[in-house]
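Secondary and tertiary structure notes
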Amino acid sequence: MRKWVHHLLDSEDRVLKVLDGVTGGDCKIVAQSPLGGSGNMELKEVGQGIDWMSHRVRSTFHDGVRSWPVGVFLFTSPTAHNTDFGVTFDVGLLTKMNVIAEDTVEDRYSVPAGMPIIGRVVTLIQSTGETRIAVTDSAVTLTSGLTWEPGTSKLTIINDLLQAAGYWSLWCDGGGLFRVEPYVDPASRPVAHTFEHGEASIYYPDWTHDQDLASVPNRVVAWREGDDEEPPLIGISTNEDPESAYSYQARGRWITHVEEGVEAETQQVIDQFAARKLRDLMSPVSRLEVGHGMIPLDPNNLVEFIPADGRRRLATVQRMSINFAWDTDVDAEWREV
């Protein structure tokens, strides 16, 4: 039987009991958001004894054969609705990433050159009180020191360090584990699921494809501010290839993208940055919006899509919108690769 089960957890993710009284709600899982998504929940007061400030909720979906956790969420301050029939609550849901994002360093925080990166990341996560962490360790170290100002979010520091190590940004899976893992190029990821047209299809036949070609630039201007000792640096890269559909020759006008505050020490470096940025921006994002049945997928999973036209597409999961109904489907946004 298809159903949702919501468990009330304490501040360390330990199960307290099944959370009764849930009458509705939804959640959004968002790959490109540092916070990973959000949600809301509707509850009827039945004596649950919820501590809105410290308790958490884990939402698990059962499809009749399998079950899997979809998310572990913090509660926000609820809105109480009082009627002749009792009290109901509308409460927002936040991902556990908010624990890391809302904690900041009190003093200037520095990580010196030569420091192992992943160990420092784990220490920062633990300093917020979170201990459920799945880590792929690495001996990679910083080649040069990094410093952050007082009041900087620990999530910002962690993600800066993970970027330097070639890792994914920090994320939290459906079971509430913080994940610290090396970045994997989409071409090297295993296919998590194949959505194929046919009798066994679990996606809706109506889907959309969007690719913003008009805003692809044909010129990038990158610049670094100067100071009393160093002059400003400006790097410019242009597309004047007559064979390119995005070039100045093809369009008859400049479409310029500006990058400010570029970290570059020499003219060569800033010129290279501008050229690399232009190459990246000339690959416009191809976005697919597809509705499909509930299956266990994580953000950034690679999926295979073979609709009725027979063309095989590979895409990564960018967004999933799901409601807490037994017959829920997923409104998904994928990025074609």
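Residues numbered from 1 in each chain as written. Predicted model: local features only at pLDDT ≥ 70, side-chain atom pairs only at ≥ 80, totals over all residues. Heavy atoms only, no water.

This paragraph deals with the pattern of salt bridges. Scanning the entire structure with this criterion turns up 18 salt bridges. In this structure, the salt-bridge partner of Arg132 is Asp13, at a minimum N-O distance of 2.8 Å. Taken as a pair, Arg132 in the loop between helix H2 (117-126) and strand S10 (133-135) and Asp13 in the loop between strand S1 (2-9) and strand S2 (15-18) lie far apart in primary sequence, 119 residues in all. Between Asp103 and Lys154 there is a salt bridge; the shortest N-O distance is 3.2 Å. Pair noted here: Asp103 is in the loop between helix H1 (97-101) and strand S9 (109-111) and Lys154 is in helix H3 (residues 154-165), with a separation of 51 residues, a long-range link. Here the salt bridges share partners, and the residues they tie into one network are Asp13, Arg56, Lys96, Glu130 and Arg132. (Salt bridge = Lys/Arg side-chain N within 4 Å of Asp/Glu carboxyl O. Helix = DSSP H or I, 4+ residues; strand = E, 2+ residues; numbered from the N terminus.)

The two faces of strand S17 (residues 233-238) differ: Leu233, Gly235 and Ser237 on one face are buried, but Ile234, Ile236 and Thr238 on the other face are not. Looking at chain direction, strand S16 (residues 219-224) and S17 are connected through six bridges and run antiparallel. By the bridge assignment, Arg224 is partnered in S17 with Leu233. (Buried < 20%, exposed > 50% of the residue type's maximum accessible area, 1.4 Å probe, protein only. Pairing = 2+ DSSP bridges.)

Further remarks concern the sheet that holds S10. Strand order in the open sheet made by the three strands is S10-S13-S12, with mixed pairing throughout. At either end of the open sheet lies a strand with only one pairing partner, and these are S10 and strand S12 (171-172). Pairing geometry for S10 and strand S13 (residues 178-180), over three bridges, is parallel. Within the sheet, the bridge partner assigned to Ala134 lies in S13 and is Arg179. Packing of H2 onto the sheet brings it into contact with S10 and S13, and relative to S10 it is tilted by some 175°. (Contact = heavy atoms within 4.5 Å. Axes fitted to C-alpha atoms, helices over the stretch in contact; angles between N-to-C directions.)

What follows covers the nonpolar core. Phe75 and Trp334 are the most contacted members of the largest nonpolar core, which totals 35 residues. Residues in contact with Phe75, not counting those within four places in the same chain, are Leu8, Leu19, Ile50, Trp52, His55, Arg56, Val57, Val91, Gly92 and Leu93. Ranked by size, the runner-up nonpolar core spans 25 residues in total, among them Ile117, Leu124, Ile133 and Ile158. (Core = buried A, V, L, I, M, F, W, Y, C linked by side-chain atoms within 4.5 Å.)

Right, let's talk about the packing of aromatic side chains for a bit. This model, assessed by the stated rule, comprises 12 aromatic pairs. Ring geometry for Trp207 versus Phe305: centroids 5.0 Å apart, planes at 85°, classification edge-to-face. Remark: Phe305 occurs in strand S20 (residues 302-306) and Trp207 occurs in the loop between strand S14 (191-196) and strand S15 (208-211); sequence separation between them is 98 residues. Judged by its relative accessible area of 24%, Trp207 is partly exposed. Residue classification places Phe305 among the buried residues on the basis of a relative accessible area of 0%. (Phe/Tyr/Trp six-rings, centres within 6.5 Å; stacked < 30°, edge-to-face > 60°.)

If you trace the three strands from one edge of the open sheet to the other, you get S17-S16-S18, paired in mixed fashion. The open sheet has two edge strands, S17 and strand S18 (256-260), and neither has a second partner. Taken over all neighbouring pairs, the strand axes of this sheet differ in orientation by 15° on average, direction set aside. Of the strands in this sheet, S16, S17 and S18 are in contact with helix H5 (residues 267-281), which crosses S17 at around 35°.

By themselves, these observations are geometric and do not establish any function.
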